[in-house]
Amino acid sequence: MVYIIAICMSMTIPNNFEPFAHVDTWVFDLDNTLYSPECALFVQIDKRMNAFLREMFEVGHEEAHRIQKHYYHKYGTTLSGLMKEHNLAPEGFLEYVHDIDLSSVPEAPALGQAIERLPGRKFVFTNGSRKHAERVAAKLGVLQHFDDLFDIVASDYTPKPAPVAYARFLKAHGVEAKSAAMFEDLPHNLENPHALGMTTVLVRSVFGEHPSQQAFNAMKAKPQHIHHVTDDLAVFLEDVLSVTTPTPLTRQGR
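Residues numbered from 1 in each chain as written. Predicted model: local features only at pLDDT ≥ 70, side-chain atom pairs only at ≥ 80, totals over all residues. Heavy atoms only, no water.

## Focus: the pattern of salt bridges
- In the structure shown here, the tally under the stated rule is ten salt bridges.
- Between Glu85 and Lys74 there is a salt bridge; the shortest N-O distance is 3.5 Å. Of this pair, Glu85 sits in helix H3 (residues 78-86) while Lys74 is found in helix H2 (residues 61-75), placing the two residues eleven residues apart along the sequence.
- Between Glu184 and Lys160 there is a salt bridge, and its shortest N-O distance comes to 2.7 Å. (Salt bridge = Lys/Arg side-chain N within 4 Å of Asp/Glu carboxyl O. Helix = DSSP H or I, 4+ residues; strand = E, 2+ residues; numbered from the N terminus.)

## Looking at the pairing of strand E4 (residues 121-125)
- Burial analysis of E4 places four of its five residues in the buried class, which makes it a mostly covered element.
- Strand direction decides the pairing type here: strand E3 (residues 25-28) and E4, joined by four bridges, are parallel. Bridge pairing in E4 places Phe28 opposite Val124.
- Considered for its hand, the β-α-β crossover made up of E4, helix H6 (residues 130-140) and strand E5 (residues 148-150) is right-handed. (Buried < 20%, exposed > 50% of the residue type's maximum accessible area, 1.4 Å probe, protein only. Pairing = 2+ DSSP bridges. Right-handed = clockwise from strand over helix to strand, strands pointing away.)

## A closer look at the packing of H3 against helix H4 (residues 90-97)
- Interaxial distance between H3 and H4 falls to 11 Å at its minimum, and their mutual angle equals 155°. When the axis of H3 is compared with that of H4, the two are roughly antiparallel. By crossing handedness, the relation of H3 to H4 is classed as right-handed. Side by side, H3 and H4 meet where Thr78, Leu79, Leu82 and Met83 of the first sit next to Pro90, Phe93 and Leu94 of the second. (Axes fitted to C-alpha atoms, helices over the stretch in contact; angles between N-to-C directions. Parallel < 35°, antiparallel > 145°, perpendicular 65-115°, else oblique. Left-handed = near helix turned anticlockwise from the far one by under 90°. Contact = heavy atoms within 4.5 Å.)

Below, the structure written as structure tokens:
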């Protein structure tokens, strides 16, 4: 099956699924990748971050917003900037900002079934906390399909897109990069996976506010570090399964 996505009415991206035939490790970002940005979980997280920063720096809403986005864009996460520049202890921050309502997250049975059928190991690799990842994945109904979750604590608080974050993930789980696929909603978070030899998939969203997302949406052709693009992860994985799942005849050895 040929899968085609139009981006901003100017970029058409056909996906060739044959390269997935060699993949035995499937790595998924969590937020805005396994669930749609329409769930607006990051709206809640942003509000919690803003409140945390207002209290920490004794500033108003606008200044707290500026600080948050400055650290997010410079360091990969707001937390990383606070730790590097203000020696913030991370545990309280993670607990506070992830204390959110998940009622907007729908169960995703089609996604769960597709992930379950993928051959090999499956991981969540997130810049958030393990507790947050477990809660969200459980709400989606996909938690049981993953072998493990690799969070910001497991990465020693070094977030994607830092090269060392990916190196720590690969080492922790004995993953061979060239036989792994990485799924992300942030284009710049796929640069290092591509450099390592991973197959890269951008789960695109028109809601993306990060500069790398805005730059991508304005492109007329996808950059080299992004091999595949989709705006429907469950459908994409079903197409991937067409080349990674043996046919009944193959299973019977015929």
